[in-house]
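Below are the chains, spelled out letter by letter.
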Amino acid sequence: MILRGAAAQRRAEVETARALNHQLAGLVAFAFHDPQHLPEFRPDDTAATAAARAGRARGRS
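Read on for an overview of the structure. (Residues numbered from 1 in each chain as written. Predicted model: local features only at pLDDT ≥ 70, side-chain atom pairs only at ≥ 80, totals over all residues. Heavy atoms only, no water.)

Observations concerning the overall build of the protein
When you go through the protein residue by residue, the secondary structure sums to two helices and zero strands. Residues classed as buried in the protein amount to 2% of the 61 residues present. Summed over its atoms, the accessible surface of the protein is roughly 5,900 Å², and 61% of this surface lies on carbon and sulfur atoms. (Helix = DSSP H or I, 4+ residues; strand = E, 2+ residues; numbered from the N terminus. Buried < 20%, exposed > 50% of the residue type's maximum accessible area, 1.4 Å probe, protein only. Areas by Shrake-Rupley, 256 points an atom, 1.4 Å probe, with all protein chains shown as cover.)

With respect to a nonpolar patch on the surface
On the surface, Leu27, Phe30 and Leu38 cluster together into a nonpolar patch covering about 250 Å² of accessible area. Relative to the elements of secondary structure, Leu38 occurs in the loop between helix H1 (2-33) and helix H2 (47-57). Under the relative-accessibility criterion, Leu38 is labelled partly exposed at 38%. (Patch = residues over 30% accessible without salt bridge, like charges linked within 9 Å, V, L, I, M, F, W, Y side chains within 5 Å. Salt bridge = Lys/Arg side-chain N within 4 Å of Asp/Glu carboxyl O.)

A short note on the pattern of salt bridges
Applying the stated rule across the entire model yields two salt bridges. Notably, a salt bridge pairs Glu15 with Arg18, separated by 2.7 Å at the nearest N-O pair. Pair noted here: Glu15 and Arg18 are both in helix H1, with a separation of three residues, about one helical turn.

Structural data, given as structure tokens:
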């Protein structure tokens, strides 16, 4: 069971990396071919970013 859980976690990490790489490739292509119309950067306001902000407020990096 532990091995199946570790494998599932690894698959989830690979899928997350794949999705981020796909988004990055789209932005790189957009920036290369039409940089004037590149979307404006807006950081996500998710629980993860809120937790990161809270950690920085407490003095953690």
